[in-house]
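This is what each chain is made of:
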Amino acid sequence: MNKSLQKELKIKGLPLSPGLAIAKVCMFNERRHSNLPMYKVRGEGIELEIGRVERAIEIAGNKLDEIKKQVAERIGNAEAEIFVAQKMIMEDTTLIEKVADLIKNHCVNAENAVSSVLDSYETRLQEVDNEYLRDRASDFGEVKRRILDVLSDMKPSLQCTDEKHCQRGKNRIIVAEELTPSLTVDLETELVLGFISERGGQNSHGAILARALGIPAVSGLPDFRKKVGCGTELLINGDSGEVVIWPSEETITMARVEHEKPILMPAASDPVLGLKVMANISLATDVKEAIHMKAEGIGLYRTEMEIIISGKLLSQEELYQRYSNVVKEMKGLPVTFRTFDVGSDKPFPFLNISHEQNPSLGFRGARLLLGKKDLLQNQARALARASIHGPINIMYPMVIDLAQFLELKTIVEEAIKDTPKGTIKHGVMFEVPSACLDAREILEHADFGSIGTNDLIQYMFAIDRNNEFVAYDYNPGRPALWKMIKIVADAGAATGKSISVCGELAGDPTYLSKIMNLGIKVVSVSSRLIPGIRNELNKECNLMKGEK
Ligand code: PEP
Ligand code: MG
């Protein structure tokens, strides 16, 4: 497309992550089978697509086993056999070969190939003059639905729809409907320069990760995907939320001049007296940046990101490798592992969780860990083994009251009673209002607490942290929030237990004095925000010295 023929178009969106990016678009293909994605695959893409099918069949097969077990228990063995039949169809080698042939020879994507092959089986059976076989036709439809379901949830991959020289995201601005956490981290390895998403609020996990990765991002642009295509040139300003489609040379020069701050990592700064600044990390590999920024510990390791990004449950050994690496690298500084906080905006399809009307209030966080004890037990053993290399804190997410905390702690202690271990503390994430109100009681039993303001704001003010339409109302300045934080801070002081703040507002220098005035002396923020917080405190101290 000749740029000189294009008219520049400026649009204002919601700034998610600061910085300037000027690059071409790579459209992200979402895989929702209500609107089946159709695209061509070539080269290495062919093997990737076949791999997706194989993995989807494996996952769908495991789900069928689970369903079969439940049906056998609740209804009866005869009924459970239906699912055995479906599994046989799914695992039939001819089916897999046919799907793979279609992908190889017709260069079609996984969804397209699965759908064509299973549709043709179903149609042929419907035409057979045998009632029994005709009845079996619907099994093929069901199998198709199950595989497509898994494919639509699987770790996404980048694939431009119509550009010959698709760079698979490299040096591009990715345009997607929504910036999910797995997409964000997936893209990090692809040298992505910027993100645009139609939906998603400033406190969504995708936005948090984009900021942590230092990738400019803008959201809140409905129908944006209709305005651009692969290769469209864009300028995005993650500070103001401005997006320019086909920016003119003049606009680009202006933006570069105005945005004189190079998009580099801020320089590391030394720890400051009176405030411990720790790092929030998502993956074990993030620990390097935390160390570079002289973090005084890891205040929040969002361990669920490891499994979400891997697209599968990890074995105890795989978890141990990651956890022990972080503990060793931190050389005796505390590492706070938040147990898997999945569900709601951090979906994890491999857990077989049924569709929920309102997942933010559903089977998630602490509730999910209690419902899936083996998940927690496996993680607990990996954590205990990691604690041999240095002190660790185990923090439970979305806890609602003391009873729930004690239940979780007991499961963990039981699971690790025979595992050799080092020093382990158990704490609570204060992010549900009921737990904050009960903070005193909870802290009598817990070793520490950390205030997760991202969710606390969501649950206190009935405001979806991921919804860009209500982002204007997501306001950490409201006095009620600070009253709630004070309750937790006071409970910490009364019980002598350490309280930190690890939500996004802890990384915003505007709120630092409010936090410290409540007697909180520990914050945990994205590594790249550490210098900003320390500099703010130094500034405030210098001001006070000047006033004296
Ligand atoms: C929070 O809720 O404030 C928090 C730190 O956890 P997350 O953002 O991962 O939900
Ligand atoms: Mg939270």
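Here the structure is shown first, and the text comes after it.
A. Up close: the overall build of the protein chain. Helix and strand counts for the protein chain stand at 21 helices and 16 strands. Sorting the 548 residues of the protein chain into buried and exposed places 53% on the buried side. When the accessible surface of the protein chain is split by element, carbon and sulfur atoms take 52% of a total near 24700 Å².

B. Seen up close, the environment of Asn535. The topology assignment puts Asn535 in helix α21 (residues 530–547). Taking the C-alpha atoms as reference points, Asn535 and Asp270, 265 residues apart in sequence, are found 9.4 Å from one another.

C. Geometry of helix α19 (residues 479–495). Taking 1.5 Å per residue, 17 residues should reach 24 Å; α19 reaches 24 Å between its end C-alpha atoms and fits that length. Those residues of α19 lying buried are Leu481, Trp482, Met484, Ile485, Val488, Ala489, Ala491, Gly492 and Thr495. Backbone geometry just after α19 places Gly496 at a positive phi near 75°.

D. Seen up close, the coordination of the magnesium ion (ligand 2). Surrounding the magnesium ion (ligand 2) are the protein donor atoms Glu431 (OE) and Asp455 (OD), at 2.0 to 2.1 Å. Of the two residues, Glu431 sits in the loop between β13 (424–430) and α16 (433–437) while Asp455 sits in helix α18 (residues 453–460), which places them 24 residues apart along the sequence. One exposure class covers both Glu431 and Asp455, and it is buried.

E. View of the packing of aromatic side chains. Taken as a whole and judged by the stated rule, the model has six aromatic pairs. Measuring from ring centre to ring centre gives 5.8 Å for Tyr301 and Tyr323, while their planes differ by 85°; the resulting arrangement is edge-to-face. Note that Tyr301 is positioned in strand β10 (residues 298–302) and Tyr323 in helix α12 (residues 316–329), a separation of 22 residues in sequence. For Tyr301, a relative accessible area of 0% puts it in the buried group. Judged by relative accessible area, Tyr323 falls into the buried class, the value being 0%. The interplanar angle of 25° and the centroid separation of 5.9 Å between the aromatic rings of Trp482 and Tyr511 together place this pair among those described as stacked. A residue pair is termed long-range when its members are at least 10 positions apart, and Trp482 in helix α19 and Tyr511 in the loop between β15 (498–501) and α20 (512–517) qualify at 29 residues. Exposure remark for Trp482: the relative accessible area of 8% places this residue in the buried category. Look at Tyr511 and you get buried, because its relative accessible area is 15%. An aromatic cluster is present here, built from Tyr301, Tyr323 and Phe337 joined pairwise through their rings.

F. Layout of helix α4 (residues 110–127). Over its 18 residues, α4 extends 26 Å from the first C-alpha to the last, a length consistent with the 26 Å expected when each residue adds 1.5 Å. Taken together, the buried positions of α4 are Ala110, Glu111, Asn112, Ala113, Val114, Ser115, Val117, Leu118, Tyr121, Glu122 and Leu125.

G. Looking closely at the environment of Lys98. Positionally, Lys98 belongs in helix α3 (residues 93–106). Separated by 18 residues in the primary sequence, Lys98 and Ser116 have C-alpha atoms spaced 9.8 Å apart. Apart from residues no more than four positions distant in its own chain, Lys98 is found in contact with Val117 and Tyr121.

H. Fine view of the site of ligand 1. Taken together, 15 residues lie around ligand 1, and His205, Arg302, Gly452, Asn454 and Arg465 are the ones closest in. Measuring from an oxygen atom of ligand 1, one finds a side-chain N or O atom of Arg338 at 2.8 Å. The contact in question runs from an oxygen atom of ligand 1 to an N or O atom on the side chain of Glu431, over 3.0 Å. If you list the elements that add at least two residues to the shell around ligand 1, you get α7 (205–213), β10 and α18. Residue contributions to the shell around ligand 1 peak at three residues, all from α18. Taken together, the residues of the shell around ligand 1 break down into four nonpolar, five polar and six charged.

The rules we used
Residues numbered from 1 in each chain as written. Chains lettered and ligands numbered in written order. Predicted model: local features only at pLDDT ≥ 70, side-chain atom pairs only at ≥ 80, totals over all residues. Heavy atoms only, no water. Helix = DSSP H or I, 4+ residues; strand = E, 2+ residues; numbered from the N terminus. Buried < 20%, exposed > 50% of the residue type's maximum accessible area, 1.4 Å probe, protein only. Areas by Shrake-Rupley, 256 points an atom, 1.4 Å probe, with all protein chains shown as cover. Expected span 1.5 Å × (residues − 1). Donors = N, O, S within 2.8 Å, 3.2 Å for Na, K, Ca; no water. Phe/Tyr/Trp six-rings, centres within 6.5 Å; stacked < 30°, edge-to-face > 60°. Contact = heavy atoms within 4.5 Å. Near = heavy atom within 4 Å. Polar contact = N/O pair within 3.5 Å; in protein donor to acceptor, adjacent residues only side chain to side chain. Nonpolar A, V, L, I, M, F, W, Y, C, P; charged D, E, K, R; others polar.

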